[in-house]
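# Reading the structure
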Amino acid sequence: MRAFLTFVIYCWCALFFSAVAAGAEKNGRDAYIASVDSDGVQRVRIVGGEYFFKPSRIVVKVNVPVEFSVSREAGIVPHSLVIEAPQAGIAVDEDLSTEVRKFTFNPTAPGTYPMYCKNKLLFFKSHRERGMEGILEVVP
Ligand SMILES: [Cu+2]
């Protein structure tokens, strides 16, 4: 009985701290502010998984080319990365692979644009609803 109680308390603590960590991530503490490389490109590495993007908040400069290197964690669940911001010349819709894929775009207007995974398994919440979303912030 005592061992069982210890186990229950341990589980509670583990749950509590993982919830706190998830909350911190949602608040954008893992923001990544891109720097411009010597060849004039802002490079950003993004990893997706159940159910997050890392980093979940990305800050890039306007009118400077951006190169995203994206992949997903190992596992059977498929993921994607979507950013629809035609007003800023951004149209990203990529399926994520465990191998890193690169693509570039040029953000043409400052603003805050959502990025998310469009995947959803029938009858279940979408990955976006489960927290697989983030923010791309384009700054002057
Ligand atoms: Cu997903």
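Residues numbered from 1 in each chain as written. Predicted model: local features only at pLDDT ≥ 70, side-chain atom pairs only at ≥ 80, totals over all residues. Heavy atoms only, no water.

### Topic: the coordination of the copper ion
- Looking at the metal site, the copper ion is ligated by H79 (ND1), C117 (SG), H127 (ND1) and M132 (SD), spaced 1.9 to 2.7 Å from it.
- Classification of the site at the copper ion rests on its four donor atoms, whose angles at the metal span 85 to 139 degrees, yielding the label irregular.
- All donors of the copper ion belong to a single chain; written as a sequence motif, their spacing is H-x37-C-x9-H-x4-M. Remark: M132 occurs in the loop between β9 (111-116) and β10 (133-139) and C117 occurs in the loop between β9 and β10; sequence separation between them is 15 residues.
- The exposure class assigned to C117 is buried, which follows from its relative accessible area of 1%. (Donors = N, O, S within 2.8 Å, 3.2 Å for Na, K, Ca; no water. Tetrahedral: all angles 85-135°; square planar, octahedral: opposite > 155°, others 65-115°. Helix = DSSP H or I, 4+ residues; strand = E, 2+ residues; numbered from the N terminus. Buried < 20%, exposed > 50% of the residue type's maximum accessible area, 1.4 Å probe, protein only.)

### Focus: the environment of V66
- Within the element layout of this structure, V66 appears in strand β5 (residues 66-72).
- Using a relative accessible area of 0% as the deciding quantity, one classes V66 as buried.
- The residues touching V66, leaving out its near neighbours within four places in the chain, are V41, Q42, V44, V60, F103, T104, F105 and P107. (Contact = heavy atoms within 4.5 Å.)

### Concerning unusual backbone geometry
- The step from E50 to Y51 runs through a cis peptide bond, and the omega angle for that step is -20 degrees.
- Structurally, Y51 can be placed in the loop between β2 (42-49) and β3 (52-54).
- Residues other than glycine seldom take positive phi values, yet N63 does so here, at roughly 60 degrees.
- By the element assignment, N63 lies in the loop between β4 (57-61) and β5.

### Quick notes on the pattern of salt bridges
- In the structure shown here, the tally under the stated rule is six salt bridges.
- Notably, a salt bridge pairs R43 with D37, separated by 2.7 Å at the nearest N-O pair.
- Residue class for D37 comes out partly exposed when judged on its relative accessible area of 29%.
- Between R128 and E133 there is a salt bridge, with its nearest N and O atoms 3.2 Å apart.
- Its relative accessible area of 31% is what places E133 among the partly exposed residues.
- Taken together, the shared-partner salt bridges connect D37, D39, R43 and E67 into one network. (Salt bridge = Lys/Arg side-chain N within 4 Å of Asp/Glu carboxyl O.)

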